[in-house]
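# A look at the structure
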Amino acid sequence: MQYTYEFEMWRGEFAWIAAPFDLVGITQGVDVEDVCESAADLLRELAREYLMRGETPPKATFDHEPSHGGVRLIVSVDVTLDDIEKVRRRNSSGSAAAA
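First things first, this report covers the structure right here in the doc. In this text, all values refer to a predicted model and were calculated from it rather than measured experimentally.

Time to look at the sheet that holds strand β3 (residues 27-29). Read across the sheet, 4 strands follow the order β3-β2-β1-β4 without closing on themselves; strand pairing throughout is antiparallel. In this open sheet, the two strands that pair with only one neighbour each are β3 and β4 (71-78). Ignoring which end each strand starts from, the neighbouring axes of this sheet average 35° apart. As paired elements, strand β1 (residues 2-11) and β4 share 8 bridges and run antiparallel to each other. Within β4, the position partnered with glutamate 6 by the bridge is isoleucine 74. Helix α1 (residues 32-52) contacts β1, β2 (16-20), β3 and β4 of the sheet and is inclined by roughly 140° relative to β1.

As structure tokens, this is what we get:
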């Protein structure tokens, strides 16, 4: 499933920083490219955590006003339970046991 959220990205004292508006978390990178990749990694991990708990992530909202003097960054990732190694192993061993 595709998850798309709005982040704020701003230049911190020592690194670029990105934080999602509708989720709890923050990440950083040495440059814009690195912080964008880190934001995608953060979103992917947060979405996986929700999926593993059997929950749905909060509904994404858009058009937030940046609160750290940054810019809005749209981050989108594709995540399924099959992407999670433990779940994949458990599902494949369950299938093998049933066969």
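Scanning the model with the defined rule gives 4 salt bridges in all. Residue glutamate 45 pairs with arginine 48 through a salt bridge whose shortest N-O separation is 2.8 Å. A residue pair is termed a helical-turn pair when its members lie 3 or 4 positions apart in one helix, as glutamate 45 and arginine 48 do in helix α1 at 3 residues. Classification of glutamate 45 as partly exposed rests on a relative accessible area of 38%. Glutamate 55 serves as the salt-bridge partner of arginine 53, at 3.3 Å between the closest nitrogen and oxygen.

Criteria and thresholds
Residues numbered from 1 in each chain as written. Predicted model: local features only at pLDDT ≥ 70, side-chain atom pairs only at ≥ 80, totals over all residues. Heavy atoms only, no water. Pairing = 2+ DSSP bridges. Helix = DSSP H or I, 4+ residues; strand = E, 2+ residues; numbered from the N terminus. Axes fitted to C-alpha atoms, helices over the stretch in contact; angles between N-to-C directions. Contact = heavy atoms within 4.5 Å. Salt bridge = Lys/Arg side-chain N within 4 Å of Asp/Glu carboxyl O. Buried < 20%, exposed > 50% of the residue type's maximum accessible area, 1.4 Å probe, protein only.

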